[in-house]
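Coordinates in review
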Amino acid sequence: KPASVQKILTSIIALKKLGPAYRFATRLFLEGYASGSVKKLYVKGFGDPSFTTESMWVFVRQLRKLGIKKIEHVVFDDTAFVQRPSRTGQRAYESTASALPFNFNSIALEVCPAGSSGAAVVTPDPWDLPIQISGSIRTALRPAKPITVQQRVLQNGSLAFSVAGEIGAGESCRAIYRSVDEPRRYFAASFLGFAKLLGINVPSAPLFGATPASARQVYEYKSKPLALIVQDLNHFSTNFIGEQIVFALGENGGYYDREKGLERMKAALLAMKVPAAHLQIRDGSGLSHDNLLTARALSKFLLSGMADEAIRPDFEASLSVAGRSGTLKKRAFDPPGNVVRAKTGTLNGVNTLSGFLTSSKGRRLAFTILQNGVASREQALALEDQIVESIYRVF
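Source: prediction; values computed, not measured.

Attention now goes to the packing of aromatic side chains. For any pair of aromatic rings, the description consists of the separation of the ring centres together with the inter-plane angle of the planes. Within the structure shown, the criterion is met by 16 aromatic pairs. Measuring from centroid to centroid gives 6.2 Å for Phe76 and Phe208, while their planes differ by 45°, and the two rings are tilted. With Phe76 in strand β3 (residues 70-77) and Phe208 in strand β14 (residues 207-208), the pair connects residues that are 132 residues apart, well separated along the chain. Relative to Tyr256, the ring of Phe81 lies with its centre 6.2 Å away and its plane at 50°, an arrangement referred to as tilted. With Phe81 in strand β4 (residues 81-82) and Tyr256 in strand β17 (residues 255-257), this pair connects stretches of sequence that are 175 residues apart. By relative accessible area, Phe81 is classed as buried at 8%. The buried category is assigned to Tyr256, whose relative accessible area is 10%. Ring pairs connect the aromatic residues Phe51, Phe59, Phe76, Phe187, Phe191, Phe208, Tyr219 and Tyr221, which therefore count as one cluster. The cationic tip of Arg27 hangs over the ring face of Phe46; the distance from NZ or CZ to the ring centre is 4.6 Å. Above the plane of the ring of Phe208 lies Arg184, whose end atom (NZ or CZ) is 4.2 Å from the centre.

This structure, assessed with the given rule, holds 15 salt bridges. Put simply, Glu166 and Arg138 hold a salt bridge, and the shortest N to O gap is 2.9 Å. Of the two residues, Glu166 sits in strand β12 (residues 166-168) while Arg138 sits in strand β9 (residues 138-140), which places them 28 residues apart along the sequence. Residue classification places Arg138 among the partly exposed residues on the basis of a relative accessible area of 46%. The closest approach of N and O atoms between Glu220 and Lys222, which form a salt bridge, is 3.8 Å. Taken together, the shared-partner salt bridges in this structure form one network comprising Glu309, Arg312, Glu316 and Arg364.

Right, let's get into a nonpolar patch on the surface. On the surface, Trp57, Trp127 and Leu197 cluster together into a nonpolar patch covering about 380 Å² of accessible area. Counting through the fold element by element, Trp127 comes out in the loop between β7 (121-125) and β8 (132-135). Under the relative-accessibility criterion, Trp127 is labelled exposed at 62%.

This part takes up the sheet that holds β9. Strand order in the open sheet formed by three strands is β6-β9-β12, with mixed pairing between adjacent strands. Pairing within the sheet leaves two strands with one partner each, and these edge strands are β6 (118-119) and β12. In the sheet, β6 pairs with β9 via two bridges, with the strands oriented antiparallel. Considered in β9, the bridge of Ala119 is made with Arg138.

This paragraph deals with unusual backbone geometry. Geometrically, the link from Asp125 to Pro126 is a cis peptide bond, its omega value of 10° lying close to zero. Within the secondary structure, Pro126 sits in the loop between β7 and β8. One non-glycine residue with positive phi stands out, namely Ala3, at about 55°. By relative accessible area, which is 0% here, Ala3 ends up buried.

What counts, and at which threshold
By convention here, each chain's residues receive numbers from 1 onward along its written sequence. Totals for whole chains, interfaces and linings use all residues, but because this is a predicted model, local features are given only for residues with pLDDT of at least 70 and pairs of side-chain atoms are given and counted only at 80 or more. Only hydrogens and water are set aside; all other atoms, that is, all heavy atoms of the structure, feed into the side-chain values. Two aromatic rings, drawn from Phe, Tyr or Trp (for Trp, its six-membered ring), form a pair once their centres lie within 6.5 Å of each other, and the interplanar angle then sorts them: stacked below 30 degrees, edge-to-face above 60, tilted otherwise. Starting at the N terminus, helices and strands are each numbered in turn, a helix being any DSSP run of H or I of at least four residues and a strand any DSSP run of E of at least two. Burial classes follow relative accessibility: with a 1.4 Å probe on protein chains only, a residue under 20% of its type's maximum area counts as buried, one over 50% as exposed, and anything between as partly exposed. A ring is scored as having a charge over it whenever the NZ atom of a lysine or the CZ atom of an arginine sits within 6 Å of its centre and within 35 degrees of its normal. Each reported salt bridge corresponds to a side-chain nitrogen of Lys or Arg within 4 Å of a carboxyl oxygen of Asp or Glu. Only residues whose relative accessible area exceeds 30% and that form no salt bridge are eligible for patches; like-charged ones are grouped when within 9 Å, while nonpolar side chains (Val, Leu, Ile, Met, Phe, Trp, Tyr) are grouped when within 5 Å. Surface exposure here means Shrake-Rupley accessible area, sampled with a 1.4 Å probe, where a residue is shielded only by the protein chains that are shown. Strand pairing follows a simple DSSP-based rule, namely that at least 2 bridges must link the two strands.

Nothing here speaks to function; it is geometry throughout.
Right, here's the structure in full:
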């Protein structure tokens, strides 16, 4: 089980197949436009994993630039993704993929203590969304009850959360992240909310469906380059980005098929003569316990990424540097100054590490450590440290 070092495969294959300059798109289409009024506005997404609050603000502001003051119907089109899977849980790292994603398909609830006692202030981010929050979190001098946040399902599709627990009176504000179960409704609520803030007359209820061929495209918002998206994928080990990239790899005639993306990932490994019996690819993030790889196959693929000058600088920049950045920021290896660039991986019972180091003899080496059946994470990390330090000394 590779855990999150699976993202190394996803990164290299995406950079090779799509290219470091590849950008995801989100588009606006119009039907029936006259004198600042639009009969139907269509918003079509193609899975931009970097589409955040800042992106939404730029995107919606385009309506004003187009002179639009009133929209009778807004249709949100997420049909580009074929057979989108459900989220695996309410934690932010368990969010699902979607053609119309927003803020990594997760939401933050910021909890701030209120003086020395009383109910803490709970604020959603983005704060302007129509979110219902029930329950309360108490401010306490000595908090004894952990904070819990659970999403509730409302018939009208609105986001709702129930909260409970305690926060210390002297604590700083704390952000708690949760995935959303209906990404397209999350995107739609954000879009309509931002449009209202800009003074645009929009309907309160969104519509969902396909964009007709007769609709006229008036704007395309492009994501940042894939090279930078892959940096976020690996530095912060963002499962959501990995899944969005798998869909992009499965592009087929304007539609994006997750299974086809996984097939292409496996084909890239088979092309390197990795035995099929040594492979089981179930996702692009490494979250599934059903993924299976050998350390040899992963190290071989690492070397292929570094040998390809078209992607090497961008792939290398995506790996965390020990003691300096990403998931290795708080880890250092002896001797001091030895630069280790790598990707970490953690699941229940799994600890992994894969990347590059420069040995004491000046050799650049690829290494992969896959530990399964781990009973103690601390011991697993200590063993990784010992192996990396031994590689440095011996080779």
